[in-house]
Amino acid sequence: MSKLSHIDENGEASMVDVSAKAVTERVAIASGDVIFPTEVFSVLKESQFSNKKGSVIHTAVIAGIQAVKKTADLIPLCHQLALSKISIDIQPKENSLQIKCTVKCTERTGVEMEALTGVSVSALTIYDMCKALSHDIKISNIQLENKSGGKSDFSR
């Protein structure tokens, strides 16, 4: 069993030393859902997902991109990374908006936390923009879908 990478030999929180790792292309994709009551989703769909605050989807995309770029400021032991691509796609499904965030870089460490942060903040932005219609909105299923580059790849 592997040990926790962010805990040192004294049990203290520690940023991982990635200086000896190879620089490779890293890609991570995360996803999540914002689930609405049926009647709320109908209202949003009829309004083309816009309200007094503006376009729910476009605002959530911009918020998610900004969050990806701020991940190291939000998650204490994340490395600052020079990101090469951020893509956030939000699609309506049955009574929900499905969010997918793809992040790329050429670095010594991966971008999983950045992709998960992008999905999370996009979902929170959707909630914020729609809470006037209902507080019975659920943010669900935020997860890493896949990652590549580095020591190991992952695919859900």
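Before any of the text, the structure's been laid out above.
Residues numbered from 1 in each chain as written. Predicted model: local features only at pLDDT ≥ 70, side-chain atom pairs only at ≥ 80, totals over all residues. Heavy atoms only, no water.

(A) Quick look at the pattern of salt bridges. One pass over the structure, following the stated rule, counts two salt bridges. Note that D73 is salt-bridged to K70, the shortest N-O span being 3.9 Å. Judged by relative accessible area, which is 53%, D73 ranks as exposed. When its relative accessible area of 46% is taken as the criterion, K70 is described as partly exposed. A salt bridge links D128 to K131; the shortest N-O distance between them is 2.8 Å. The exposure class of D128 is partly exposed, given its relative accessible area of 34%. Accessibility expressed as a relative area gives 32% for K131, which makes it partly exposed. (Salt bridge = Lys/Arg side-chain N within 4 Å of Asp/Glu carboxyl O. Buried < 20%, exposed > 50% of the residue type's maximum accessible area, 1.4 Å probe, protein only.)

(B) Local environment of the layout of surface pockets. Taken as a whole, the largest pocket spans an internal volume of roughly 660 Å³. As for the largest pocket, its lining consists of 25 residues, of which S5, H6, K21, T109 and E112 are closest to the centre. By residue class, the composition of the lining of the largest pocket is nine nonpolar, nine polar and seven charged. Of the volumes computed, that of the second largest pocket is approximately 150 Å³. Lining of the second largest pocket is provided by V43, L44, S47, S50, N51, K52, K53, D128, M129, K131, A132 and L133. Counting residues per element, the ones that place at least two in the lining of the second largest pocket are α1 (38-46), β2 (50-51) and α4 (112-130). Residues belonging to the lining of the second largest pocket are distributed by class as follows: five nonpolar, three polar and four charged. (1 Å grid on protein atoms, 1.4 Å probe; cavity = no way out; pocket = protein on both sides within 12 Å on 5 of 7 lines; lining within 4 Å. Points joined across faces, edges and corners; volume = space filled by probe spheres on them. Nonpolar A, V, L, I, M, F, W, Y, C, P; charged D, E, K, R; others polar. Helix = DSSP H or I, 4+ residues; strand = E, 2+ residues; numbered from the N terminus.)

(C) Spatial organisation of the environment of Q98. Along the chain, Q98 turns up in strand β5 (residues 96-107). Expressed as a C-alpha distance, the spacing of Q98 and I35, which sit 63 residues apart in the sequence, is 8.6 Å. Discounting residues that sit within four places of it in the chain, Q98 has contacts with G32, D33, D89, I90, Q91 and K93. (Contact = heavy atoms within 4.5 Å.)

(D) Expanded view of unusual backbone geometry. The backbone of F49 sits at a positive phi, close to 60°, despite the residue not being glycine. For F49, the location among the structural elements is in the loop between α1 and β2. Residues other than glycine seldom take positive phi values, yet N141 does so here, at roughly 60°. With respect to the helices and strands, the residue N141 is situated in strand β6 (residues 138-148).

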